[in-house]
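# Coordinate inspection notes
Here's the letter readout for the chains.
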Amino acid sequence: MAVKIRLARHGAKKRPYYRVVVADGRMPRDGRYIEEVGRYNPLTNPKTIDINLEKVDEWMAKGAQPTNAVSHLIDIARDGQPAVEKKAKISKKAAAKAAAAAAEAESDAE
């Protein structure tokens with residue numbers, strides 16, 4: 001039996017909330033799991049990562065393989081550092097509007 005440590009998605013549409021679970025690799029993403037070992041909420045600022053590292057270590061010692069996303073979350077939880085926030089990209093319209101406002105403010109200052 002291939003056991004994986006992975007994310008199970010919960011929450012409403014466009015409002016994701018994840019549980020970090022230990023599950024048989026053949027089960028569906030949100031299906032039956034063996035044990036819940038943590039939670040991850042990407043919507044809070046900063047993102048909430050609550051993982052029981054002792055249980056994760058026990059399962060990894062038994063041969064469970066974490067997915068890429070979960071291994072990244074485990075690394076962040078071990079380091080105790082918050083995840084790096086990506087800068088929000090602004091649209092071309094918003095950038096042009098901001099540039100025009102800055103130019104107008106500059107001309108008013110002179």
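You'll find the structure just up there.
Throughout what follows, the structure given in this document is the object of discussion. Keep in mind the model is a prediction, meaning the values are calculated, not measured.

What counts and what doesn't
- Residues numbered from 1 in each chain as written.
- Predicted model: local features only at pLDDT ≥ 70, side-chain atom pairs only at ≥ 80, totals over all residues.
- Heavy atoms only, no water.
- Core = buried A, V, L, I, M, F, W, Y, C linked by side-chain atoms within 4.5 Å.
- Buried < 20%, exposed > 50% of the residue type's maximum accessible area, 1.4 Å probe, protein only.
- Contact = heavy atoms within 4.5 Å.
- Helix = DSSP H or I, 4+ residues; strand = E, 2+ residues; numbered from the N terminus.
- Pairing = 2+ DSSP bridges.
- Phe/Tyr/Trp six-rings, centres within 6.5 Å; stacked < 30°, edge-to-face > 60°.
- Lys NZ or Arg CZ within 6 Å of the ring centre and 35° of its normal.

### As for the nonpolar core
Ranked by size, the top nonpolar core spans 15 residues in total, and within it Ile5, Val20, Val37 and Trp59 carry the most contacts. In contact with Val37, not counting residues within four places along its chain, are Ile5, Val20, Val21, Val22, Asp50, Ile51, Asn52, Lys55, Val56 and Trp59.

### Remarks on the pairing of strand β2 (residues 17-24)
The buried fraction of β2 amounts to 6 of the 8 residues, a majority that puts the element mostly inside the structure. Note that strand β1 (residues 3-10) and β2 share 8 bridges and pair antiparallel. Counted as the bridge partner of Lys4 is Ala23 from β2. In this structure, the hairpin formed by β1 and β2 is closed by a connection of 6 residues, where Gly11 is found at a positive phi of approximately 100°. Of the strand pairs in this sheet, β2 and strand β3 (residues 35-41) are connected by 5 bridges, and their pairing is antiparallel. When the bridges of β3 are listed, Val21 appears paired with Glu36.

### Some words on the packing of aromatic side chains
Using the criterion set out here, one finds 1 aromatic pair in the structure. Between Tyr18 and Tyr40, the ring centres sit 6.0 Å apart and the planes meet at 20°, which makes this aromatic pair stacked. A residue pair is termed long-range when its members are at least 10 positions apart, and Tyr18 in strand β2 and Tyr40 in strand β3 qualify at 22 residues. It is Lys62 that lies over the ring of Trp59; its NZ or CZ is 4.6 Å from the centre.

### Quick word on unusual backbone geometry
In the segment running from Asn45 into Pro46, the intervening peptide bond is cis, with an omega of 0°. Tracing the sequence through the fold places Pro46 in the loop between β3 and β4 (48-51).

All we've got here are geometric facts, nothing functional implied.
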